[in-house]
Amino acid sequence: MKKVLILGSSHVGALRRADAAFRDRFADIDTDYFAVKAPMLRRGKAEGAVFHPFVHNDDERDLLQTLNGRTEADLSQYDKTLVVGFRSHPLDINALFETHALLGSGADERPYRASSGFAADWLERIAADWAGDIAARFGNAPACVFTVGPFPAASLGERAGESEMAARFQTFRDNPHAESLFGIWAAAVERAIAREGFGYLPQPPETLDGPYATRSEYAQGGSAADGEPMDQSDHRHMNAEFGLLMLERFAIQHLDQHPRPC
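Quick look at the structure, then.

Reading guide: rules and limits
Residues numbered from 1 in each chain as written. Predicted model: local features only at pLDDT ≥ 70, side-chain atom pairs only at ≥ 80, totals over all residues. Heavy atoms only, no water. Helix = DSSP H or I, 4+ residues; strand = E, 2+ residues; numbered from the N terminus. Buried < 20%, exposed > 50% of the residue type's maximum accessible area, 1.4 Å probe, protein only. Contact = heavy atoms within 4.5 Å. Areas by Shrake-Rupley, 256 points an atom, 1.4 Å probe, with all protein chains shown as cover. Core = buried A, V, L, I, M, F, W, Y, C linked by side-chain atoms within 4.5 Å. Pairing = 2+ DSSP bridges. Axes fitted to C-alpha atoms, helices over the stretch in contact; angles between N-to-C directions. Left-handed = near helix turned anticlockwise from the far one by under 90°. Nonpolar A, V, L, I, M, F, W, Y, C, P; charged D, E, K, R; others polar. Expected span 1.5 Å × (residues − 1). Phe/Tyr/Trp six-rings, centres within 6.5 Å; stacked < 30°, edge-to-face > 60°.

### Some thoughts on the overall build of the chain
Item 1. Broken down by element type, the chain carries nine helices and ten strands.
Item 2. Along the first, second and third principal axes, the C-alpha atoms of the chain reach 60 × 40 × 35 Å.
Item 3. Here the chain holds 262 residues, and the buried ones make up 47% of them.
Item 4. Of the contacts made within the chain by residues no fewer than 6 positions apart, 71% connect residues no fewer than 24 positions apart.
Item 5. Just so you have it, the chain exposes about 12200 Å², and 47% of that area is on carbon and sulfur atoms.

### Here we look at the nonpolar core
Item 1. Leu 7, Trp 130, Phe 138, Phe 146 and Trp 185 are the most contacted members of the largest nonpolar core, which totals 49 residues.
Item 2. Among the secondary structure elements, those contributing two or more residues to this core are strand S1 (2-8), helix H3 (38-42), helix H5 (94-97), helix H6 (116-138), strand S9 (144-147), helix H7 (164-174) and helix H8 (178-195).
Item 3. No other element matches the eight residues that H6 contributes to this core.
Item 4. The next biggest cluster of nonpolar side chains, apart from the first, holds 29 residues, and it includes Val 4, Ala 14, Ala 225 and Ala 251.

### A few points about the sheet that holds strand S3 (residues 45-47)
Item 1. On the basis of which strands lie adjacent, the open sheet formed by three strands has the order S3-S4-S5 and antiparallel pairing. Both edges of this open sheet fall to S3 and strand S5 (73-74), since each of them pairs with a single strand only.

### Looking at the packing of H6 against H8
Item 1. Following both chains from N to C, one finds H6 and H8 inclined at 35°, their axes separated by 8 Å at the closest point. For the pair H6 and H8, the sense of crossing is right-handed. Along its contact with H6, which presents Ala 119, Ala 120, Leu 123, Glu 124, Ile 126, Ala 127, Ala 128, Trp 130, Ala 131 and Ile 134, the element H8 presents Leu 181, Ile 184, Trp 185, Ala 188, Val 189, Arg 191, Ala 192, Ile 193 and Arg 195.
Item 2. Per-class residue counts for the contact of H6 with H8 are 16 nonpolar, no polar and three charged.

### Considering H6
Item 1. The first and last C-alpha atoms of H6 sit 33 Å apart over 23 residues, in line with the 33 Å expected at 1.5 Å per residue.
Item 2. When H6 is considered as a whole, its buried residues turn out to be Ala 119, Leu 123, Ile 126, Ala 127, Trp 130, Ala 131, Ile 134 and Phe 138.
Item 3. Looking one or two residues past H6, Gly 139 carries a phi angle of roughly 45°, positive in sign.

### Quick notes on the environment of Tyr 200
Item 1. Within the secondary structure layout, Tyr 200 lies in strand S10 (residues 199-200).
Item 2. Between the C-alpha atom of Tyr 200 and that of Phe 51, which follows or precedes it by 149 residues, the distance is 19 Å.
Item 3. Leave out the neighbours within four places in its chain, and Tyr 200 touches Trp 130, Val 145, Phe 146, Thr 147, Val 148, Val 189, Glu 190, Ile 193, Gln 253 and His 254.

### Digging into the packing of aromatic side chains
Item 1. Under the definition given, this model contains 15 aromatic pairs.
Item 2. Here the aromatic rings of Phe 86 and Phe 138 are separated by 5.9 Å at their centres, their planes lie at 80°, and the arrangement is edge-to-face. Taken together, the positions of Phe 86 in the loop between strand S6 (80-84) and H5 and Phe 138 in helix H6 put the pair 52 residues apart, joining distant regions of the chain.
Item 3. Owing to a relative accessible area of 3%, Phe 86 belongs among the buried residues under this scheme.
Item 4. With a centroid separation of 5.1 Å and an interplanar angle of 70°, the aromatic rings of Phe 146 and Phe 198 are classed as edge-to-face. One end of the pair, Phe 146, is in strand S9; the other, Phe 198, is in the loop between H8 and S10, with 52 residues separating them in the sequence. Taken as a pair, Phe 146 and Phe 198 share a single burial class, namely buried.
Item 5. In textbook terms, an aromatic cluster arises when at least three aromatic residues are bridged by ring pairs, as seen for Phe 51, Phe 86, Phe 138, Phe 146 and Phe 198.

Given below as structure tokens:
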């Protein structure tokens, strides 16, 4: 029997909601969950094998207790820990394209040109910063696997006129080089986290809708941190179908487990 922990921000909810279906297909895996608010995750720290979320006050400590039945997570009790919620942002490269076009792009009104090598280096640095932040938070914590997903739903772009976040997202996706830029970044993320000694879980390819986007149907009926369905889609939190695909890929790729025949 493999014992695993799914630890992270509110995006843990999609996986938690899929737990019964997952356990039915992978009977030799025992799952546990530990969800916190995103700032509590990103500013938390593992001391040895124990992860301590960053807690401001008693109300946040009480929330942890309500969600998880405890206020910290001892990672040494598990064969593997999947960490969800540390995002790396290739959208940051949008700043380059405000004033620069890539060399060889042909006619373009922007005043400056940048080489593709410069853009690739920028994306490598974004990935390295992401992995470095994780290493600072988790140090030598045992058997951790990280994922950058879920990517926002493609439907987020429909709000580009009313949301700065949505506008940045759509600007990246509208870039004619978006596919290649996304590929460079995705490969850089995997290399960077491996250099820090951690495992990596890419978002399942069947859930993707082009560069840095999730198919919109996976954001319908998205899940809150406790695994309960949300009232409406926020284009960022995914549903149980997405959560099941993530758990299955984790089991196959990092636990060497395979689903029972249907």
